[in-house]
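# Per-entry structural report
Letter by letter, the chains look like this.
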Amino acid sequence: MIFSLNSASFFSISHTSQSVLLFPRNPKSCSRVFRILRACSNSTDEPLVSVSGRRTNYAGVRLEETVVDVNSDSGKLRLDSWISSRIIGISRARVQSSIRSGLVSVNDRAVDKVSHVIRAGDKVNCTISELQPLRAEPEDIPLDIIYEDEHVLVVNKPAHMVVHPAPGNASGTLVNGILHHCSLPTVALPNRDSEEDNISDDEFNSFAAGQNCGTCETNIRPGIVHRLDKGTSGLLVVAKDEHSHAHLSEQFKLHTIYRVYISLTSGVPTPLSGRVEIPVGRDPNNRIRMTAVPGPSNSGQARHAASRYKVIEILAAGGSALVEWRLETGRTHQIRAHAKYLGIPLLGDEVYGGTKNMALSLLRPRIPSSHHGQLAQLVSRLDRPCLHAVALGFNHPKTGKNVHFSCQPPEDFAEILSWLRKISTEKKKGLIL
């Protein structure tokens, strides 16, 4: 087994004021040297050792190995699945891109079909492809701007809008709309694995939309400091200059940003309020999903995550609840993973168990049969997790004053909330909508 890394793929860490930004660097100018651990074996079933230190973008990683055991009853295994299992942390989408680019061979013959079946004894040679910078074009996209001054922009992001471009979502993003709103030209953005971006929720994301990937210069452009998942609606702050970006990034790192979310859940949590301190990590059985992992956090598998929740209303005789969430940390899909851990997945969250069938099974026994048809119609229209970032507060990077913003949930959320309230509601102390 050979595991190597092309030096051109190294990422260096550049400290801009108090924020940490990642830029692709010319290998001749890299000041940080990554230690590469080599693992040589023709018989082990253990996956490859990953590069120590900060994660690289995997470009140039080479795998040369003979398949020993496919661990399948049929004796067959997909090529993309096997390669993904041999390189720690790499996404299936990234491996598939490398295969389609002609960078993978089996038994010295090029293979460009990701579903190619491999068997024990096959010799696989793979080189991970380069990540090309994405280009964000200004687009005239309507934006619901809650607040704007020379330094910051607070936007009410609609559900189904991706925050910034990624493979498969190169246009129609919040960044595209902001570039147009601020009359800024096309910019190059660091490329990322599509699976990584698709699962990004509210995790701190010190990412300057104005970075020039070719020269590693940071221009005065809007900066995305944090993100909301594609399906999550609500408030998001954008920095309009480098100082504001650094200032807000530090607040997110220190967890001093005030953030309140509301959700509609499948069932009612017990107790009605509490604190969930369960690490969150990637689900080993599903790359696009995170999972709550009880026990001590492990940086390689799960990260410390803490959420506070409180029931605002018990709805439809206990079939659902309006729940307020306040985050102490901002892990990817943290609320969704913690809600599932509590046994109350969010309505409409098909990835985390809040399926349409579950909603119907909980609500039908609790409502008159005359309402079953309307219930079925409402549930059938659920196409995203019922999660909304309702309030946001931070220390203004220029004035130093604490500023707070709020916005009502969008129509799809409000419609089902109103209907559930008509069935029955039992209000508790807390946020009033």
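Scroll up to find the structure.
### Considering the environment of leucine 184
Tracing the backbone through its elements, the reader meets leucine 184 in the loop between helix H3 (174–181) and strand S13 (187–189). Along the backbone, leucine 184 and glutamate 137 are 47 residues apart, and their C-alpha atoms lie at a distance of 9.1 Å.

### Quick word on the pairing of strand S24 (residues 306–315)
Buried residues dominate S24, accounting for eight of its ten residues. Note: strand S20 (residues 273–277) against S24, five bridges, orientation antiparallel. If you follow valine 276 over to S24, its bridge partner there is serine 307. Pairing analysis gives eight bridges linking S24 to strand S25 (residues 320–327), with the strands arranged antiparallel. Each residue of the ladder has a partner; that of tyrosine 309, found in S25, is tryptophan 325. Here S24 folds back onto S25 in antiparallel fashion, the turn holding four residues, of which alanine 316 has a positive phi close to 50°. Pairing geometry for S24 and strand S28 (residues 425–427), over three bridges, is antiparallel. Pairing of glutamate 313 across the sheet is with lysine 427, part of S28.

Cut-offs applied
- Residues numbered from 1 in each chain as written.
- Predicted model: local features only at pLDDT ≥ 70, side-chain atom pairs only at ≥ 80, totals over all residues.
- Heavy atoms only, no water.
- Helix = DSSP H or I, 4+ residues; strand = E, 2+ residues; numbered from the N terminus.
- Buried < 20%, exposed > 50% of the residue type's maximum accessible area, 1.4 Å probe, protein only.
- Pairing = 2+ DSSP bridges.

As far as function goes, none of this settles anything; it's purely spatial.
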